[in-house]
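Observations on the model geometry
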Amino acid sequence: MENITKYTIPFKGLKDGKHEFNFDVDHEFFKNFQTEDVYEAEAKVKIAFEKKTLVTTLAFDLKGKLKTACDRCLEELSLDVEGENFLYLKFGEEHEELAEDVIVLAESDNEINVAQYIYELFSLSLPLSFVHPEDEDGNSTCNEEMIQKLNDLSVNEEEKIDPRWNDLRKLIDNN
């Protein structure tokens, strides 16, 4: 976790007004958060930090690329990842999270680590499935050979079903 200290914004001593912070996100960044597959990604995060007396606003703007395997054909796929989010900081007696986007920091705090918020923004900006996009004619750009193998192995409803399964199918249909 020593790698995430560079994602810290020191706000004590900053004058009221707008400030900008830029962070790079890469493969090493995701090692701090994921126990399974680590994202192969490169992204830039710009944080517009607006310090005010009562509430400080952090506006996150993420742009990057993710390399992963296509869920359909398993070939390498490069996806654009973009996302925006806001985080609001207030000051109080002790640190607490009032909502997912509102945090109370202790008066004694003089910095905030934004690594977790960057990770969450990146994760929430990903599509539900990783598949190659369709071309301008609406055809898949996946590996045709792999798609053909999948089609060859898929079950065809018209093929003759082993009659022993018919009794089980009757049980399912009755429920």
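Now for a description of the structure that goes with this document. Quick caveat, the model's predicted, so the values are computed rather than measured. (Residues numbered from 1 in each chain as written. Predicted model: local features only at pLDDT ≥ 70, side-chain atom pairs only at ≥ 80, totals over all residues. Heavy atoms only, no water.)

So, the sheet that holds strand S6 (residues 96-99)
The following threshold applies: Paired strands are those between which DSSP finds at least two bridges. In DSSP terms, a helix is any run of H or I states spanning at least four residues, a strand is any run of E spanning at least two, and both are numbered starting from the N terminus. Axis definition: a line fitted to C-alpha atoms, limited for helices to the stretch in contact. Angles are taken between N-to-C directions and run from 0 to 180 degrees.
One open sheet accounts for 6 strands, arranged S2-S3-S4-S5-S7-S6; its pairing is mixed. In this open sheet, the two strands that pair with only one neighbour each are strand S2 (17-25) and S6. Here the strands of the sheet are splayed against their neighbours by 25° on average, with no regard to which way each runs.

Comments concerning the pairing of S6
Side-chain positions along a regular strand alternate between the two faces of the sheet. Summarising the sheet, S6 and strand S7 (residues 102-106) pair through 3 bridges and their orientation is antiparallel. Looking at the pairing, glutamate 96 lines up with valine 104 of S7. In this structure, the hairpin formed by S6 and S7 is closed by a connection of 2 residues.

Some words on the nonpolar core
Counted only if it meets this: Residues belong to one nonpolar core when they are buried, are Ala, Val, Leu, Ile, Met, Phe, Trp, Tyr or Cys, and are joined through side-chain atoms within 4.5 Å. Summary of the burial criterion: residues with accessible area below 20% of their type's maximum are buried, those above 50% are exposed, and those between are partly exposed, where the area comes from a 1.4 Å probe applied to protein chains only. Only heavy atoms enter the contact rule, under which two residues are in contact if any of them lie within 4.5 Å.
Core analysis: the biggest nonpolar cluster contains 40 residues, and Phe60, Val114 and Phe122 have the highest contact counts within it. Secondary structure elements with two or more residues in this core: S2, helix H1 (27-30), strand S3 (40-51), strand S4 (56-69), strand S5 (76-92), S7 and helix H2 (115-124). Counting residues per element, this core draws most heavily on H2, at 6 residues. Contacts of valine 114, omitting those with residues within four sequence positions, involve Tyr7, Ile9, Phe23, Ile47, Leu58 and Phe60.

Structural notes on the packing of aromatic side chains
The line we're drawing: Any two rings among Phe, Tyr and Trp, with Trp reduced to its six-membered ring, count as a pair given centres within 6.5 Å; such a pair is stacked if its planes are under 30 degrees apart, edge-to-face if over 60, and tilted if neither. Note on criteria: charge over ring means Lys NZ or Arg CZ within 6 Å of the ring centre, with the direction from the centre no more than 35 degrees off the ring normal.
A full pass over the atoms with the stated rule returns 12 aromatic pairs. Centre to centre, the rings of tyrosine 7 and phenylalanine 23 are 5.6 Å apart; their planes meet at 40°, and the pair counts as tilted. With tyrosine 7 in the segment before strand S1 (8-10) and phenylalanine 23 in strand S2, this residue pair connects regions lying 16 residues apart in the sequence. A single burial state applies to tyrosine 7 and to phenylalanine 23, both of which are buried. Ring geometry for phenylalanine 29 and phenylalanine 30: centres 5.2 Å apart, planes at 85°, overall edge-to-face. For phenylalanine 30, a relative accessible area of 0% gives the class buried. Feature note: the residues Tyr7, Phe23, Phe29, Phe30, Phe33, Tyr39, Tyr119 and Phe122 constitute an aromatic cluster, connected by ring pairs. We note lysine 12 situated over the ring of phenylalanine 91; from NZ or CZ to the ring centre the distance is 5.8 Å.

Let's talk about the layout of surface pockets
Stated formally: Of the two site types, the cavity is a set of points on a 1 Å grid over the protein atoms alone where a 1.4 Å probe fits but cannot get out, and the pocket is an open set with protein on both sides within 12 Å along at least five of seven lines, each lined by residues with an atom within 4 Å of a point. Grid points are joined across faces, edges and corners, and a volume is the space filled by probe spheres set on the points. Under the scheme applied here, ten amino acids are nonpolar (Ala, Val, Leu, Ile, Met, Phe, Trp, Tyr, Cys and Pro), four are charged (Asp, Glu, Lys and Arg), and all others, including Gly, are polar.
Looking at the largest pocket, its volume works out to about 180 Å³. Only S5 and H2 provide two or more residues apiece to the lining of the largest pocket. Residue contributions to the lining of the largest pocket peak at 4 residues, all from H2. Of the residues that constitute the lining of the largest pocket, the class distribution is 6 nonpolar, 1 polar and 3 charged.

Brief notes about the side chain of threonine 8
Selection rule: Whenever a nitrogen or oxygen atom comes within 3.5 Å of another N or O atom, the pair is scored as a polar contact, on the condition that within protein one atom can donate a hydrogen and the other can accept it, and that pairs from neighbouring residues in sequence are kept only if both atoms are in side chains.
Summarising the element assignment, threonine 8 is placed in strand S1. Separated by 2.9 Å, the side chain of threonine 8 and the backbone oxygen of threonine 5 make a polar contact. Contact partners of threonine 8, with chain neighbours within four places excluded, come to Phe23, Glu111, Ile112 and Asn113.

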